[in-house]
Amino acid sequence: MYRLIYKSRANQRIDWEFVSELVTGSEDSNEDSGISGVLLATETHFLQVLEGGFDEINDLFMRIVRDPRHDEIRLIAFDCVESRLFGGWAMHGVGIFNFNQELIADLKDQYGEEEGSVRLPVEDWKVLALISDLRMG
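First, a word on what this report is: a plain description of the structure on this page. Predicted model, so just to flag it, every value in this text is computed and none were measured.

Reading the values: rules and limits
Residues numbered from 1 in each chain as written. Predicted model: local features only at pLDDT ≥ 70, side-chain atom pairs only at ≥ 80, totals over all residues. Heavy atoms only, no water. Helix = DSSP H or I, 4+ residues; strand = E, 2+ residues; numbered from the N terminus. Buried < 20%, exposed > 50% of the residue type's maximum accessible area, 1.4 Å probe, protein only. Polar contact = N/O pair within 3.5 Å; in protein donor to acceptor, adjacent residues only side chain to side chain. Contact = heavy atoms within 4.5 Å. Salt bridge = Lys/Arg side-chain N within 4 Å of Asp/Glu carboxyl O.

### Brief notes about the side chain of threonine 44
Here is step 1: Here threonine 44 shows up in the loop between β2 (36–41) and β3 (45–52).
Here is step 2: Relative accessible area serves as the criterion here: at 8%, threonine 44 is assigned to the buried category.
Here is step 3: Here histidine 45 takes part through its side chain, which lies 2.8 Å from a polar atom of the side chain of threonine 44.
Here is step 4: Ignoring anything within four residues of it in the chain, the contact list for threonine 44 reads Ser8, Arg9, Ala10, Arg13, Ile14 and Glu115.

Given below as C-alpha cells:
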C-alpha cells in the first residue's frame, strides 16, 4: 500500500462547484483502480492525498502532472504505508473556502496564510494534521 501527497496551484479560481466536478469525475475510476483519498482546495491551491497500489498511484499522479488545471505541482511524499487512512473514500473533496470564518481564522493561525486563504502545508505530517483538524472542525 502506498500514499502519495502533492500540492499544486490551480490555473483558475477554485470554488465548490469546481471541486465537486473533480471529485465526481474521479470517483468511479479511482474505485476501479483501488485508489482512495482526499482532495483539499483553497481558492488557489490543491492538496491531495492518494492511497493505493504503487502502479495505480504512480499512473494517476502522472496524469495529474499533465492535467492543464494544475501548475507548480510539488510532490510532498510517496511512501509505503501499512494501511489506508481514507479507505472509505474513493475520493473526498473539501473546499476550505466554505468553512465558517472562525475555523478559517484558527487554521490560518495554525498553518499560516497564503494568498488570503489557509496555507496548505508541504510536510506530510502537517498535511495529515490539517486533515485531522478539518475532520474535527
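Next comes the rest of the account.
### Quick look at the pattern of salt bridges
Here is step 1: Scanning all chains against the criterion turns up seven salt bridges.
Here is step 2: The partner of glutamate 72 in a salt bridge is arginine 9, and the shortest N-O contact between them spans 3.4 Å. With glutamate 72 in strand β4 (residues 70–80) and arginine 9 in strand β1 (residues 2–10), the pair connects residues that are 63 residues apart, well separated along the chain.
Here is step 3: The partly exposed category is assigned to arginine 9, whose relative accessible area is 22%.
Here is step 4: Linking glutamate 115 and arginine 9 is a salt bridge whose minimum nitrogen-to-oxygen distance equals 2.2 Å. Taken as a pair, glutamate 115 in the loop between β6 (113–114) and β7 (117–118) and arginine 9 in strand β1 lie far apart in primary sequence, 106 residues in all.
Here is step 5: One continuous salt-bridge network, built from bridges that share partners, spans Lys7, Glu114 and Arg119.

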